[in-house]
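# A structural walkthrough
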Amino acid sequence: MYPLISQSPASLTGEKIPIHFRSSRKASGPPGQGIEYGALSASSATPSLEEDEVGGHGHGRETRLGSAHTHATSKPHKNAPFLPGDRVIFAESPSAPGVPVVYRTPDERASNPDRLNLDRRKLSVCPILEGEEQLRLLNYQHNQISRIQHLSALKRLIFLDLYDNHIEEISGLAALKSLRVLMLGKNRIRKIENLDSLLKLDVLDLHGNQISKIENLNHLTELRVLNLAGNMISHVDELSGIDSLAELNLRRNKIRTVAEIDTLPNLQRLFLSFNEISW
């Protein structure tokens, strides 16, 4: 039996995400892309790298994936097998024992077709998302997920948040060619890998992991924000090619030497405090 849960999700557009996003700001995208950035709070979309690895999440600062009605307290329908809010229903897959399947009511999906919040569901695996092919924002924060999976149908996904889980390997993302924001902070990742198809990636947050080397990022020519704070990196290199990078957070690592910083033509902010650099 999986918990029946409820919470309203949020939305965002296909536009580039501001480096220092705040919830009061809206995207001024082209016609037909009128979904608000404003539904996300400052603690979610693009953590301020000045705030170190705690920067959008730690010490009680949760991502609030709420739309304008997030704080509304609607009453449950009589005899409904769900709680108010998202009206998310969990069942077990008949073909994959132990794997939960997530359903939403037709009305709920119609009102929020592009976003789904599965924060704090005590999930140990990524569930199968039934009928959610239109999702653009998906939140899996604060679970116990150890492997990224069951996302291949989400071709339109732009924002994926897996902060505070048990993920050991970056994988299962090859089909997400539209992804712009990937939040993997506070996991158990040891290596940067398997990002080859994410050519539109704008924000990559890998803070609070066990990464010892910067690698496999040279193809991310649109990446503007990279957060590697709180890892085990000892040498900074392999940065050439990331020409759009504007913010780089390397605080709280074991860095002794720095190279290739001058190959980043658009770098505006670099954070190197709490390392082992000798001047």
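Structural notes, computed from the coordinates. (Residues numbered from 1 in each chain as written. Predicted model: local features only at pLDDT ≥ 70, side-chain atom pairs only at ≥ 80, totals over all residues. Heavy atoms only, no water.)

This paragraph deals with the overall build of the chain. Helix and strand counts for the chain come out as one helix and 13 strands. Mapped from its N terminus to its C terminus, the chain presents α and β elements in the order β-β-α-β-β-β-β-β-β-β-β-β-β-β. Long-range pairs, those at least 24 residues apart, make up 34% of the contacts in the chain with a sequence separation of at least 6. Split by element, the accessible area of the chain, about 12,600 Å² in all, is 50% carbon and sulfur. (Helix = DSSP H or I, 4+ residues; strand = E, 2+ residues; numbered from the N terminus. Contact = heavy atoms within 4.5 Å. Areas by Shrake-Rupley, 256 points an atom, 1.4 Å probe, with all protein chains shown as cover.)

Ordered by their spatial adjacency, three strands build an open sheet running S1-S2-S4, and the pairing between neighbours is mixed. The outermost strands of the open sheet, each flanked by one partner alone, are strand S1 (88-92) and strand S4 (128-129). Of the strand pairs in this sheet, S1 and strand S2 (residues 100-104) are connected by five bridges, and their pairing is antiparallel. Bridging across to S2, valine 88 finds its partner in arginine 104. (Pairing = 2+ DSSP bridges.)

A few words now on the environment of tyrosine 140. Here tyrosine 140 lies in the loop between strand S5 (137-139) and strand S6 (159-161). Residue tyrosine 140 is classed as buried on the basis of its relative accessible area, which comes to 0%. For the pair tyrosine 140 and aspartate 161, spaced 21 residues apart in the sequence, the C-alpha separation amounts to 5.8 Å. Residues within four places of tyrosine 140 in sequence aside, it is in contact with Leu118, Leu123, Cys126, Pro127, Leu129, Ile145, Leu151, Leu160, Asp161, Leu162, Tyr163 and Asn165. (Buried < 20%, exposed > 50% of the residue type's maximum accessible area, 1.4 Å probe, protein only.)

All right, on to the packing of aromatic side chains then. Applying the stated rule across the entire model yields zero aromatic pairs. Between arginine 252 and the ring centre of phenylalanine 274, over which it is positioned, the NZ or CZ distance is 4.1 Å. (Phe/Tyr/Trp six-rings, centres within 6.5 Å; stacked < 30°, edge-to-face > 60°. Lys NZ or Arg CZ within 6 Å of the ring centre and 35° of its normal.)

Our next topic: the nonpolar core. In terms of nonpolar packing, the biggest core is built from 48 residues, with Leu138, Tyr140, Leu160, Leu173, Leu182 and Leu195 touching the most fellow members. Excluding anything up to four places from it in sequence, leucine 138 contacts Leu116, Leu129, Leu151, Leu154, Leu157, Phe159, Leu160 and Asp161. One finds Leu137, Phe159, Val203 and Val225 within the second-largest nonpolar core, a separate group that totals six residues. (Core = buried A, V, L, I, M, F, W, Y, C linked by side-chain atoms within 4.5 Å.)

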